Amino acid sequence: MDEGNVAQQLKQMTDFIRLEAVEKAFEIEAAAAEEFQIEKLQLVEAEKKKIRQDYEKKEKQVDIKKKIEYSMQLNASRIEVLQAQDDLVKSVMDSARKELLYQSRDHQSYKKLLRILIVQSLLRLKESAVILRCRKEDLELVESVLESARNEYAEKENVYPPEIMVDRHVYLPPAPSHYKEHDLSCSGGVVMASQDGKIVFENTLDARLEVVFRKKLPEISLAF
(Lines give C-alpha, C1' and ligand atoms only; values in the text may rest on other atoms or scores of the structure.)
Protein backbone atom coordinates (compact mmCIF):
# COMPACT_ATOMS: atom_id res chain seq x y z
CA MET A 1 0.00 0.00 0.00
CA ASP A 2 1.44 3.31 -1.07
CA GLU A 3 1.68 6.38 1.11
CA GLY A 4 -1.34 8.05 -0.61
CA ASN A 5 -3.68 5.22 0.32
CA VAL A 6 -2.36 5.14 3.87
CA ALA A 7 -2.89 8.87 4.25
CA GLN A 8 -6.40 8.63 2.81
CA GLN A 9 -7.35 5.79 5.18
CA LEU A 10 -5.90 7.70 8.13
CA LYS A 11 -7.92 10.75 7.14
CA GLN A 12 -11.09 8.65 6.87
CA MET A 13 -10.43 7.12 10.28
CA THR A 14 -9.74 10.54 11.76
CA ASP A 15 -12.93 12.01 10.22
CA PHE A 16 -14.94 9.06 11.55
CA ILE A 17 -13.53 9.46 15.02
CA ARG A 18 -14.16 13.20 14.92
CA LEU A 19 -17.73 12.68 13.65
CA GLU A 20 -18.38 10.07 16.29
CA ALA A 21 -17.02 12.43 18.97
CA VAL A 22 -19.20 15.25 17.68
CA GLU A 23 -22.29 12.98 17.70
CA LYS A 24 -21.38 11.74 21.16
CA ALA A 25 -20.98 15.33 22.33
CA PHE A 26 -24.42 16.17 20.86
CA GLU A 27 -25.91 13.14 22.62
CA ILE A 28 -24.31 14.17 25.94
CA GLU A 29 -25.45 17.76 25.46
CA ALA A 30 -28.99 16.62 24.55
CA ALA A 31 -29.12 14.28 27.55
CA ALA A 32 -27.82 17.02 29.80
CA ALA A 33 -30.40 19.46 28.40
CA GLU A 34 -33.19 16.90 28.88
CA GLU A 35 -32.04 16.16 32.42
CA PHE A 36 -31.87 19.89 33.12
CA GLN A 37 -35.42 20.35 31.82
CA ILE A 38 -36.68 17.45 33.93
CA GLU A 39 -34.95 18.75 37.02
CA LYS A 40 -36.21 22.25 36.23
CA LEU A 41 -39.78 20.97 35.89
CA GLN A 42 -39.42 19.03 39.13
CA LEU A 43 -38.18 22.13 40.93
CA VAL A 44 -41.00 24.22 39.44
CA GLU A 45 -43.62 21.61 40.43
CA ALA A 46 -42.11 21.32 43.91
CA GLU A 47 -42.23 25.10 44.28
CA LYS A 48 -45.82 25.19 42.96
CA LYS A 49 -46.78 22.47 45.41
CA LYS A 50 -45.16 24.38 48.25
CA ILE A 51 -46.97 27.56 47.23
CA ARG A 52 -50.28 25.67 47.01
CA GLN A 53 -49.73 24.14 50.45
CA ASP A 54 -48.82 27.53 51.92
CA TYR A 55 -51.92 29.06 50.32
CA GLU A 56 -54.17 26.24 51.56
CA LYS A 57 -52.67 26.56 55.03
CA LYS A 58 -53.24 30.32 55.07
CA GLU A 59 -56.72 29.82 53.61
CA LYS A 60 -57.54 27.35 56.40
CA GLN A 61 -56.15 29.77 58.98
CA VAL A 62 -58.29 32.57 57.56
CA ASP A 63 -61.32 30.24 57.49
CA ILE A 64 -60.72 29.17 61.10
CA LYS A 65 -60.26 32.81 62.13
CA LYS A 66 -63.53 33.75 60.41
CA LYS A 67 -65.33 30.86 62.12
CA ILE A 68 -63.92 31.87 65.50
CA GLU A 69 -64.94 35.50 64.94
CA TYR A 70 -68.42 34.42 63.80
CA SER A 71 -68.77 32.13 66.81
CA MET A 72 -67.71 34.94 69.15
CA GLN A 73 -70.17 37.36 67.53
CA LEU A 74 -72.93 34.73 67.73
CA ASN A 75 -72.17 34.07 71.40
CA ALA A 76 -72.11 37.80 72.09
CA SER A 77 -75.51 38.16 70.40
CA ARG A 78 -76.91 35.26 72.40
CA ILE A 79 -75.59 36.78 75.61
CA GLU A 80 -77.24 40.09 74.68
CA VAL A 81 -80.53 38.32 74.00
CA LEU A 82 -80.32 36.35 77.26
CA GLN A 83 -79.47 39.53 79.16
CA ALA A 84 -82.42 41.31 77.55
CA GLN A 85 -84.66 38.36 78.46
CA ASP A 86 -83.37 38.41 82.02
CA ASP A 87 -83.93 42.18 82.27
CA LEU A 88 -87.46 41.78 80.94
CA VAL A 89 -88.17 38.93 83.34
CA LYS A 90 -86.95 40.98 86.29
CA SER A 91 -88.94 43.99 85.13
CA VAL A 92 -92.15 41.95 84.80
CA MET A 93 -91.53 40.26 88.15
CA ASP A 94 -90.94 43.61 89.88
CA SER A 95 -94.15 45.00 88.38
CA ALA A 96 -96.08 41.89 89.44
CA ARG A 97 -94.72 42.10 93.00
CA LYS A 98 -95.82 45.73 93.22
CA GLU A 99 -99.30 44.65 92.13
CA LEU A 100 -99.26 42.00 94.87
CA LEU A 101 -98.44 44.66 97.45
CA TYR A 102 -101.38 46.76 96.26
CA GLN A 103 -103.56 43.66 96.52
CA SER A 104 -102.59 42.98 100.13
CA ARG A 105 -103.15 46.63 101.09
CA ASP A 106 -106.78 46.52 99.99
CA HIS A 107 -108.16 44.86 103.14
CA GLN A 108 -111.56 43.91 101.75
CA SER A 109 -110.32 42.16 98.60
CA TYR A 110 -107.29 40.74 100.46
CA LYS A 111 -109.57 39.31 103.15
CA LYS A 112 -111.54 37.42 100.48
CA LEU A 113 -108.30 36.27 98.88
CA LEU A 114 -106.98 34.93 102.20
CA ARG A 115 -110.13 32.85 102.67
CA ILE A 116 -109.73 31.41 99.16
CA LEU A 117 -106.06 30.61 99.78
CA ILE A 118 -106.85 28.88 103.08
CA VAL A 119 -109.58 26.76 101.45
CA GLN A 120 -107.20 25.83 98.61
CA SER A 121 -104.56 24.81 101.14
CA LEU A 122 -107.02 22.65 103.06
CA LEU A 123 -108.10 20.97 99.82
CA ARG A 124 -104.46 20.26 99.01
CA LEU A 125 -103.56 18.78 102.40
CA LYS A 126 -106.88 17.02 103.18
CA GLU A 127 -105.93 16.77 106.86
CA SER A 128 -108.27 16.85 109.87
CA ALA A 129 -105.87 19.16 111.74
CA VAL A 130 -103.36 21.60 110.28
CA ILE A 131 -100.93 24.34 111.27
CA LEU A 132 -101.22 27.70 109.53
CA ARG A 133 -98.57 30.40 109.27
CA CYS A 134 -99.12 33.92 108.02
CA ARG A 135 -97.51 37.33 108.26
CA LYS A 136 -97.86 39.02 111.64
CA GLU A 137 -99.68 41.95 110.03
CA ASP A 138 -102.20 39.50 108.49
CA LEU A 139 -103.02 37.67 111.72
CA GLU A 140 -106.23 39.57 112.44
CA LEU A 141 -107.53 39.16 108.88
CA VAL A 142 -106.65 35.46 108.84
CA GLU A 143 -108.45 34.79 112.10
CA SER A 144 -111.50 36.64 110.81
CA VAL A 145 -111.91 34.22 107.86
CA LEU A 146 -110.86 30.94 109.49
CA GLU A 147 -114.35 29.82 110.43
CA SER A 148 -115.86 30.51 107.01
CA ALA A 149 -112.85 28.80 105.31
CA ARG A 150 -113.22 25.70 107.54
CA ASN A 151 -116.92 25.43 106.78
CA GLU A 152 -116.44 25.96 103.05
CA TYR A 153 -113.83 23.19 102.94
CA ALA A 154 -116.05 20.85 104.98
CA GLU A 155 -118.95 21.47 102.61
CA LYS A 156 -116.82 20.83 99.52
CA GLU A 157 -115.30 17.63 100.91
CA ASN A 158 -118.37 16.50 102.87
CA VAL A 159 -116.30 16.14 106.07
CA TYR A 160 -116.18 17.73 109.52
CA PRO A 161 -114.55 21.15 109.59
CA PRO A 162 -110.80 20.67 110.22
CA GLU A 163 -108.93 22.08 113.18
CA ILE A 164 -106.73 25.01 112.11
CA MET A 165 -104.03 26.05 114.57
CA VAL A 166 -102.47 29.42 113.78
CA ASP A 167 -98.79 29.53 114.63
CA ARG A 168 -98.29 32.59 116.81
CA HIS A 169 -94.62 31.91 117.41
CA VAL A 170 -93.29 31.72 113.86
CA TYR A 171 -94.61 34.19 111.29
CA LEU A 172 -93.94 34.59 107.59
CA PRO A 173 -91.58 37.45 106.69
CA PRO A 174 -93.10 40.94 106.42
CA ALA A 175 -93.97 42.74 103.20
CA PRO A 176 -91.06 43.88 100.95
CA SER A 177 -89.54 47.24 101.83
CA HIS A 178 -87.22 49.61 99.99
CA TYR A 179 -85.30 50.03 103.24
CA LYS A 180 -84.70 46.28 103.60
CA GLU A 181 -84.31 45.09 100.00
CA HIS A 182 -82.02 42.19 100.90
CA ASP A 183 -84.10 40.88 103.81
CA LEU A 184 -86.55 38.00 103.47
CA SER A 185 -90.01 39.22 102.54
CA CYS A 186 -93.51 37.93 101.79
CA SER A 187 -96.20 39.75 99.83
CA GLY A 188 -99.00 37.89 101.61
CA GLY A 189 -100.87 34.60 101.67
CA VAL A 190 -100.41 31.57 103.92
CA VAL A 191 -98.31 28.47 104.46
CA MET A 192 -100.12 25.38 105.73
CA ALA A 193 -98.63 22.17 107.12
CA SER A 194 -99.80 18.89 108.56
CA GLN A 195 -99.45 18.55 112.33
CA ASP A 196 -96.33 16.36 111.99
CA GLY A 197 -94.82 18.86 109.55
CA LYS A 198 -94.25 16.21 106.86
CA ILE A 199 -96.59 17.89 104.40
CA VAL A 200 -96.15 21.61 103.72
CA PHE A 201 -98.07 23.65 101.18
CA GLU A 202 -96.78 27.14 100.44
CA ASN A 203 -99.72 29.18 99.23
CA THR A 204 -98.24 32.66 99.51
CA LEU A 205 -98.77 35.31 96.84
CA ASP A 206 -95.06 35.10 95.98
CA ALA A 207 -95.23 31.32 95.48
CA ARG A 208 -98.31 31.64 93.26
CA LEU A 209 -96.60 34.38 91.27
CA GLU A 210 -93.61 32.07 90.68
CA VAL A 211 -95.93 29.30 89.42
CA VAL A 212 -97.75 31.64 87.03
CA PHE A 213 -94.48 33.16 85.91
CA ARG A 214 -92.91 29.79 85.07
CA LYS A 215 -95.93 29.00 82.91
CA LYS A 216 -95.72 32.36 81.14
CA LEU A 217 -91.94 32.33 80.71
CA PRO A 218 -92.01 30.58 77.28
CA GLU A 219 -94.32 33.32 76.00
CA ILE A 220 -91.90 35.97 77.22
CA SER A 221 -89.01 34.13 75.50
CA LEU A 222 -90.94 34.13 72.21
CA ALA A 223 -90.85 37.92 72.27
CA PHE A 224 -87.19 37.57 71.27
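See the structure shown above.
A brief look at the structure comes next.

Rules behind the numbers
Residues numbered from 1 in each chain as written. Predicted model: local features only at pLDDT ≥ 70, side-chain atom pairs only at ≥ 80, totals over all residues. Heavy atoms only, no water. 1 Å grid on protein atoms, 1.4 Å probe; cavity = no way out; pocket = protein on both sides within 12 Å on 5 of 7 lines; lining within 4 Å. Points joined across faces, edges and corners; volume = space filled by probe spheres on them. Helix = DSSP H or I, 4+ residues; strand = E, 2+ residues; numbered from the N terminus. Nonpolar A, V, L, I, M, F, W, Y, C, P; charged D, E, K, R; others polar. Core = buried A, V, L, I, M, F, W, Y, C linked by side-chain atoms within 4.5 Å. Buried < 20%, exposed > 50% of the residue type's maximum accessible area, 1.4 Å probe, protein only. Contact = heavy atoms within 4.5 Å. Patch = residues over 30% accessible without salt bridge, like charges linked within 9 Å, V, L, I, M, F, W, Y side chains within 5 Å. Areas by Shrake-Rupley, 256 points an atom, 1.4 Å probe, with all protein chains shown as cover. Salt bridge = Lys/Arg side-chain N within 4 Å of Asp/Glu carboxyl O. Polar contact = N/O pair within 3.5 Å; in protein donor to acceptor, adjacent residues only side chain to side chain.

### Notes on the layout of surface pockets
- Volume-wise, the second largest pocket comes out at about 160 Å³.
- In terms of lining residues, the second largest pocket is bounded by Leu 101, Ser 104, Arg 105, His 107, Tyr 110, Arg 135, Glu 137, Asp 138, Glu 140, Leu 141 and Ala 175.
- Going through the elements one at a time, helix 1 (3-105), helix 2 (107-125) and helix 3 (139-157) are the ones with two or more residues in the lining of the second largest pocket.
- It is helix 1 that provides the largest number of residues to the lining of the second largest pocket, a total of 3 residues.
- Split into classes, the residues belonging to the lining of the second largest pocket amount to 4 nonpolar, 2 polar and 5 charged.

### Digging into the nonpolar core
- Grouped together as the largest cluster of nonpolar side chains are 26 residues, with contacts concentrated most on Ile 118 and Leu 132.
- Of all the elements in the fold, those that place two or more residues in this core are helix 1, helix 2, strand 1 (129-133), helix 3, strand 2 (163-166), strand 3 (189-194) and helix 4 (205-222).
- The contact partners of Ile 118, leaving out residues within four places of it in the chain, are Leu 132, Val 142, Val 145, Leu 146, Ala 149, Ile 164, Val 190 and Met 192.

### Description of a nonpolar patch on the surface
- Taken together, the side chains of Ile 64, Ile 68 and Met 72 define a hydrophobic patch exposed on the protein surface, amounting to about 310 Å² of accessible area.
- Within the secondary structure, Ile 68 sits in helix 1.
- On the basis of relative accessible area, Ile 68 is assigned to the partly exposed category, the value being 46%.

### Notes on the side chain of Arg 135
- Following the sequence through the fold, Arg 135 ends up in the loop between strand 1 and helix 3.
- Residue classification places Arg 135 among the buried positions, given a relative accessible area of 3%.
- Separated by 3.4 Å, the side chain of Arg 135 and the backbone oxygen of Ser 187 make a polar contact.
- Residues contacting Arg 135, with those up to four places away along its chain left out, are Ser 104, Tyr 110, Tyr 171, Leu 172, Pro 173, Pro 174, Ala 175, Cys 186, Ser 187 and Gly 188.

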